[in-house]
Amino acid sequence: MNRPVVLVAEELSDAGLAVLGADFEVRHTDGADRAQLLPALADVDAVIVRSATQIDAEAIAAAPKLRVVARAGVGLDNVDVEAATKAGVMVVNAPTSNITSAAEHTIALILASARNVAQGHGALKGGEWKRSKYTGVELDGKVVGILGLGKIGQLVAQRLQPFGVELIAYDPYLQPARAAQMGVQLLTLDEVLERSDFITVHLPKSKETTGLVGDRELHIVKPSVRLINVARGGIIDENALYSAIKEGRVAGAGIDVFAKEPCTDSPLFELDSVVVTPHLGASTHEAQEKAGTQVARSVKLALAGEFVPDAVNVQGGAVAEDVKPGLPLTEKLGRIFTALAGEVATRLDVDVRGEIASQDVRVLELAALKGVFSDVVTDQVTYVNAPLLAKDRGVVVELVTSSESPDWRNVITVRGVLADGRTVSVSGTLSGPRQITKIVEVNGFAMEIEPTDHLAFFTYTDRPGIVGIVGRLLGEHSVNIASMQVSRNVKGGKALIALTVDSAIPSDVIEQIAGEIGADSGRTVDLED
């Protein structure tokens with residue numbers, strides 16, 4: 001059996017490679033060399049990159065088998081997430097791998113800027129004792145403004161508190177009460193700029209944040225302010241910062257990231273009051289190892305078809321342990337639904353009832369859609385592109401939850417309305433300590449049947465002799481019945497036969513059975529991968 005191919009396009013820690021282990025064929029290439037990268041992508045299932053490899057639309061098109069792009073780090077500037085999503089390719093990163101390293105480097109640059117560490121170091125190594133020239137400032141009693149109170153911003157705030165500073169912040173997505181719990185006062189951007197003695201940036205780079213601190217903003221800061229950027233280049237306008245320092249409107253800066261990297265020539269390098277480092281925020285042994293192991297684990301999950309909590313282009317967050325067993329069940333329900341419906345629904349409800357409804361079960365909606373479209377389109381269907389497939393086909397999708405479940409501890413239903421107004425539904429549960437998958441309802445008919453690789457369903461008018469006809473015809477065509485259940489609404493009313501069989505039933509046999517028993521419908525479901 002061929003092993004999935006993982007292409008490592010940049011350096012990955014030994015610990016990360018060890019996580020992949022013998023389960024995968026691991027190949028290596030120089031991702032920064034386009035001529036090497038594109039042909040190397042031709043038959044890979046996953047690619048692991050850092051920041052030098054561009055995974056754009058061209059690269060994704062060159063990788064028809066690609067299922068996951070893993071960025072061993074936090075930022076995704078070098079990955080075209082939109083193109084990946086359209087192709088059904090999962091994009092994952094290591095969002096917490098470098099947060100401690102980045103926070104510590106921020107503190108290092110704040111202190112280096114405040115105390116002129118780099119300048120004094122350079123002068124002394126050059127043979128000059130410039131003690132009076134490089135007199136610095138204390139942090140004690142100063143106001144530090146934090147732009148962005150995400151994970152790194154919060155760690156910076158925690159580490160600054162022992163220095164005796166007043167902490168203020170700008171973050172439009174954080175509640176003031178949450179900031180107050182951290183000892184930080186939330187203000188507007190202009191208020192933070194006006195009041196701060198130090199300003200440190202911890203925002204993601206986006207259209208909204210690029211150039212956020214520009215010429216206008218640098219005209220309203222204190223002339224004694226020092227700016228620190230260990231986030232992303234371009235959030236602080238480098239040309240505007242250069243002018244502000246030259247004109248005495250800003251006292252200094254500590255810059256680790258630049259708008260274009262690698263950067264070896266910048267006007268900022270001319271300024272004695274600017275401390276610069278070559279994007280070292282995540283450059284610690286610990287961060288590199290964490291990034292490698294985190295993305296390697298995510299690749300293993302993704303290639304196993306499991307939900308990946310660190311996927312950036314998949315709805316929902318971390319999956320609770322109680323919810324995880326429901327993912328394969330719900331995907332099977334989606335596939336059974338499509339087989340029963342014979343067409344794409346106009347509306348689809350994913351109904352989750354019972355104890356698990358108290359958890360975040362949004363991922364079950366994705367699993368249902370993945371199943372619904374798996375046998376509809378020829379391209380691979382993933383947690384990533386399943387919602388797009390529904391949207392493109394005009395399917396209205398809703399997740400319904402309720403803690404009430406009279407018959408089962410937990411039950412999941414995929415229910416849809418077809419173009420002619422008919423409703424199709426299928427429900428399932430996980431039963432007992434071994435969490436056995438069971439189908440417990442189809443179109444209102446109650447049952448308990450395990451969804452094996454091959455299933456068949458016939459709806460007909462209840463009358464004697466039907467079971468014998470079905471068994472005889474299947475036997476004549478050498479199809480062995482593994483199990484059979486009959487369910488009816490009322491005596492003499494409508495009834496449903498549900499079958500599990502050992503091999504696929506040919507379509508002409510289904511038609512023959514349906515014709516002989518006068519079935520309203522006869523459907524087969526093949527769940528075999």
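Here, every reference points to the structure presented above.
Residues numbered from 1 in each chain as written. Predicted model: local features only at pLDDT ≥ 70, side-chain atom pairs only at ≥ 80, totals over all residues. Heavy atoms only, no water.

(A) Representation of the overall build of the protein. Secondary structure summary: the protein contains 16 helices and 22 strands in total. The C-alpha radius of gyration of the protein comes to 30 Å, more than 25% above the 24 Å expected for a compact globule of 529 residues. Overall, the protein is about 105 × 50 × 40 Å in size when its C-alpha atoms are taken along their principal axes. Expressed as a percentage of its 529 residues, the buried residues of the protein come to 50%. At a minimum sequence separation of 6, the contacts of the protein that also span at least 24 residues come to 64%. Surface summary for the protein: the accessible area is close to 24,500 Å², and the carbon and sulfur share equals 49%. Separation of charge centres in the protein, based on 50 positive and 69 negative side chains, amounts to 3 Å. (Helix = DSSP H or I, 4+ residues; strand = E, 2+ residues; numbered from the N terminus. Rg over C-alpha atoms; globule rule 2.2 N^0.38 Å. Buried < 20%, exposed > 50% of the residue type's maximum accessible area, 1.4 Å probe, protein only. Contact = heavy atoms within 4.5 Å. Areas by Shrake-Rupley, 256 points an atom, 1.4 Å probe, with all protein chains shown as cover. Lys, Arg positive; Asp, Glu negative; His and termini not counted. Charge placed at Lys NZ, Arg CZ, Asp CG, Glu CD.)

(B) View of the pattern of salt bridges. For the coordinates displayed, the defined rule picks out 29 salt bridges. As a salt-bridge pair, Glu-217 and Arg-216 come within 3.2 Å of each other at their nearest N and O atoms. Among the residues examined, Arg-216 registers a relative accessible area of 44% and is labelled partly exposed. Here Asp-420 makes a salt bridge to Arg-422, at a shortest N to O gap of 2.7 Å. Arg-422 sits in the partly exposed class, given a relative accessible area of 39%. Linked through salt bridges whose partners overlap, the residues forming this network are Glu-25, Arg-27 and Asp-43. (Salt bridge = Lys/Arg side-chain N within 4 Å of Asp/Glu carboxyl O.)

(C) Structural view of the side chain of Asn-116. One can find Asn-116 in the loop between helix H5 (99-115) and helix H6 (117-125). At a separation of 3.3 Å, a polar atom in the side chain of Asn-116 contacts the main-chain carbonyl oxygen of Tyr-134. Residue contacts for Asn-116: discarding those within four places in its chain leaves Tyr-134, Thr-135 and Gly-136. (Polar contact = N/O pair within 3.5 Å; in protein donor to acceptor, adjacent residues only side chain to side chain.)

(D) Local environment of a negative patch on the surface. Taken together, Glu-11, Asp-14, Glu-104, Glu-286 and Glu-289 make up a surface patch of like negative charges. Along the chain, Glu-289 turns up in helix H11 (residues 285-303). (Patch = residues over 30% accessible without salt bridge, like charges linked within 9 Å, V, L, I, M, F, W, Y side chains within 5 Å.)

(E) A look at the nonpolar core. Counting 70 residues, the largest nonpolar core has Ile-48, Met-90, Val-299, Ile-336, Phe-337, Val-426 and Phe-457 as the members making the most contacts within it. The element contributing the most residues to this core is helix H13 (residues 362-374), with eight residues. When near neighbours in sequence (up to four residues on either side) are disregarded, Val-426 contacts Leu-333, Ile-336, Phe-337, Leu-340, Ile-412, Thr-413, Val-414, Ile-439, Glu-441 and Val-442. (Core = buried A, V, L, I, M, F, W, Y, C linked by side-chain atoms within 4.5 Å.)

(F) Up close: unusual backbone geometry. The residue after Glu-261, namely Pro-262, is reached through a cis peptide bond having omega 0°. Take Pro-262: it is sitting in the loop between strand S11 (252-255) and strand S12 (274-276). Despite not being glycine, His-279 shows a phi value in the positive range, around 55°. Looking at where His-279 falls in the secondary structure, it is placed in the loop between S12 and H11. If you check the backbone angles, Gln-435 has positive phi at about 55° while not being a glycine.

(G) Inspection of the packing of helix H12 (residues 326-341) against H13 at higher detail. Direction vectors running N to C along H12 and H13 enclose 40°, while the axes themselves pass 7 Å from each other. Comparing the axis directions of H12 and H13 gives the class oblique. Between H12 and H13 the crossing geometry is right-handed. Of H13, the residues touching H12 (which contributes Gly-326, Leu-327, Thr-330, Glu-331, Gly-334, Arg-335, Phe-337 and Thr-338) are Val-363, Leu-364, Ala-367, Ala-368, Lys-370, Gly-371, Val-372 and Ser-374. Taken together, the residues of the contact of H12 with H13 sort by class into seven nonpolar, six polar and three charged. (Axes fitted to C-alpha atoms, helices over the stretch in contact; angles between N-to-C directions. Parallel < 35°, antiparallel > 145°, perpendicular 65-115°, else oblique. Left-handed = near helix turned anticlockwise from the far one by under 90°. Nonpolar A, V, L, I, M, F, W, Y, C, P; charged D, E, K, R; others polar.)

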